[in-house]
Amino acid sequence: MSEAGLAAMDWGRLGEGSFWLALTIAFYVAARRLQQVLGGTPLANTVLVAAIPLMAILYWFGIPVSEYQRGGWLLLWVLGPATVALAVPLYLNFAHVRVALWPMCAALLVGPAVAVISGLILAEAMGARIETIRSLAPKTVTTPIAMGIAREIGGIPELTAAFVIFTGIIGAVFGAALFNAIGMRDARTRGFAMGVISGGIGTARAFQESFLAGTFSGVGMTLSGILTAIVLPLVWLAFF
């Protein structure tokens with residue numbers, strides 16, 4: 001990490017929130033163990049299982065999210081380097097990715113657009129406020145990018161993060177079952193679809209299926225994030 005990157009990190013804030021960071025890691029480790037005991041079932045998604053007791057503690061004791069974020073912010077920060085690290089499986093499977101490049105480009109013209117439009121229609125139908133609609137629009141993009149998009153179009157980044165996590169969990173839990181139900185067996189297709197729809201959490205689930213599926217999920221997540229970050233703010237500012 002560069003000196004500038006180290007300087008940008010609020011280590012004092014991290015020290016104050018070290019309890020919450022340690023507790024989050026402990027719950028995640030326990031969630032992983034539980035999923036292993038249950039045979040790796042996606043229904044025991046580690047993010048979901050770890051989040052439930054954390055949310056219960058915050059709610060029960062009336063602890064504001066800002067207090068938790070004194071330590072939890074570091075976990076959000078590392079999402080950036082983790083996303084960059086997906087270049088490693090891409091390099092190792094580049095031959096497979098190159099062969100499927102044009103089909104992936106075609107899918108990118110449809111997938112992110114459907115994800116954004118469907119969310120907007122649903123939110124509008126339920127009478128959501130404009131701030132909520134703006135926060136929901138980038139829900140299928142990985143968290144760091146989605147929060148930046150929400151900020152650009154007038155949404156609430158923290159609310160967007162919640163939508164992204166919820167969307168990712170739904171995809172990770174039910175995505176494989178849906179793919180099996182419609183007869184989608186190709187690891188490349190399954191992975192790419194998971195990355196476009198469910199972001200980082202879906203990509204983690206794809207890697208559990210196979211290294212190839214995880215690679216294509218990372219590609220889908222990255223390309224969808226870049227495309228959405230470029231197009232969505234321009235379209236939103238022009239027409240909304």
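Residues numbered from 1 in each chain as written. Predicted model: local features only at pLDDT ≥ 70, side-chain atom pairs only at ≥ 80, totals over all residues. Heavy atoms only, no water.

### Focus: the overall build of the protein
So the rule is basically this: Helix and strand definitions follow DSSP, with helices as H or I runs of at least four residues and strands as E runs of at least two, each counted in order from the N terminus. Just to be clear, the radius of gyration here is over C-alpha atoms, and the globule rule we use is 2.2 Å times residues to the power 0.38. Classification of residues uses two cut-offs on accessible area relative to the type maximum, computed with a 1.4 Å probe and protein chains only: under 20% is buried, over 50% is exposed, and between them is partly exposed. Should any heavy atoms of two residues lie within 4.5 Å, those residues are counted as being in contact. Throughout, the Shrake-Rupley method with a 1.4 Å probe supplies accessible areas, and for residues the shown protein chains are the sole cover considered. Asp and Glu count as negative and Lys and Arg as positive, but His and the ends of the chain are not part of the count. Every charge is mapped onto a representative atom, which is NZ of Lys, CZ of Arg, CG of Asp or CD of Glu.
Secondary structure assignment for the protein yields 15 helices and 0 strands. A compact globule built from 240 residues would reach a C-alpha radius of gyration of about 18 Å, and the protein, at 18 Å, matches this within 12%. Judged by the C-alpha coordinates and their principal axes, the protein covers about 50 × 50 × 40 Å. Across the 240 residues of the protein, 40% fall into the buried class. Partitioning the contacts of the protein with sequence separation of at least 6, the portion at a separation of at least 24 is 64%. For the protein, the computed accessible surface area is about 13200 Å², with 72% contributed by carbon and sulfur atoms. Here the protein contributes 13 positively and 10 negatively charged side chains, and the mean placements of these two sets differ by 12 Å.

### As for the side chain of Asn-45
In plain terms, the rule: Pairing of N or O atoms within 3.5 Å defines a polar contact, subject to two protein rules: one partner must be a possible hydrogen donor and the other a possible acceptor, and residues neighboring in sequence count only if both atoms are side-chain atoms.
Topologically, Asn-45 is positioned in the loop between α3 (18-37) and α4 (46-60). The exposure class assigned to Asn-45 is buried, which follows from its relative accessible area of 7%. Only 3.1 Å separates the side chain of Asn-45 from the backbone nitrogen of Val-47, close enough to count as a polar contact. When neighbours within four sequence positions are excluded, Asn-45 is seen to be in contact with Gln-35, Ile-169, Ala-172, Val-173 and Ile-201.

### Let's talk about the packing of helix α13 (residues 157-181) against helix α14 (residues 187-209)
For any two helices packed against each other, the geometry is given by the interaxial angle and the distance between the axes. Applicable threshold: In this description, a line fitted to the C-alpha atoms serves as the axis of each element, helices being fitted only across the stretch in contact, and the angle between N-to-C directions of two axes falls anywhere from 0 to 180 degrees. In what follows, roughly perpendicular refers to angles from 65 to 115 degrees, roughly parallel to angles under 35, roughly antiparallel to angles over 145, and oblique to any angle outside these ranges. In the scheme used here, Gly and all other residues not listed as nonpolar or charged are polar, with Ala, Val, Leu, Ile, Met, Phe, Trp, Tyr, Cys and Pro taken as nonpolar and Asp, Glu, Lys and Arg as charged.
Between α13 and α14, the least distance of the axes is 8 Å, while the angle of their chain directions is 80 degrees. Of the possible angle classes, the one that applies to α13 and α14 is roughly perpendicular. For the pair α13 and α14, contact is made by Ile-165, Thr-167, Gly-168, Ile-169, Gly-171, Ala-172, Gly-175, Ala-176, Phe-179 and Asn-180 and by Arg-190, Ala-193, Met-194, Ile-197, Ser-198, Ile-201, Gly-202, Arg-205 and Glu-209, respectively. Considering only residue class, the contact of α13 with α14 consists of 9 nonpolar, 7 polar and 3 charged.

### Topic: the side chain of Ser-198
Checked against the element boundaries, Ser-198 lands in helix α14. If we skip the residues at most four places from it in the chain, Ser-198 touches Thr-167, Gly-168, Gly-171 and Ala-172.

From the geometry alone we can't say anything about function, so treat these as descriptive.
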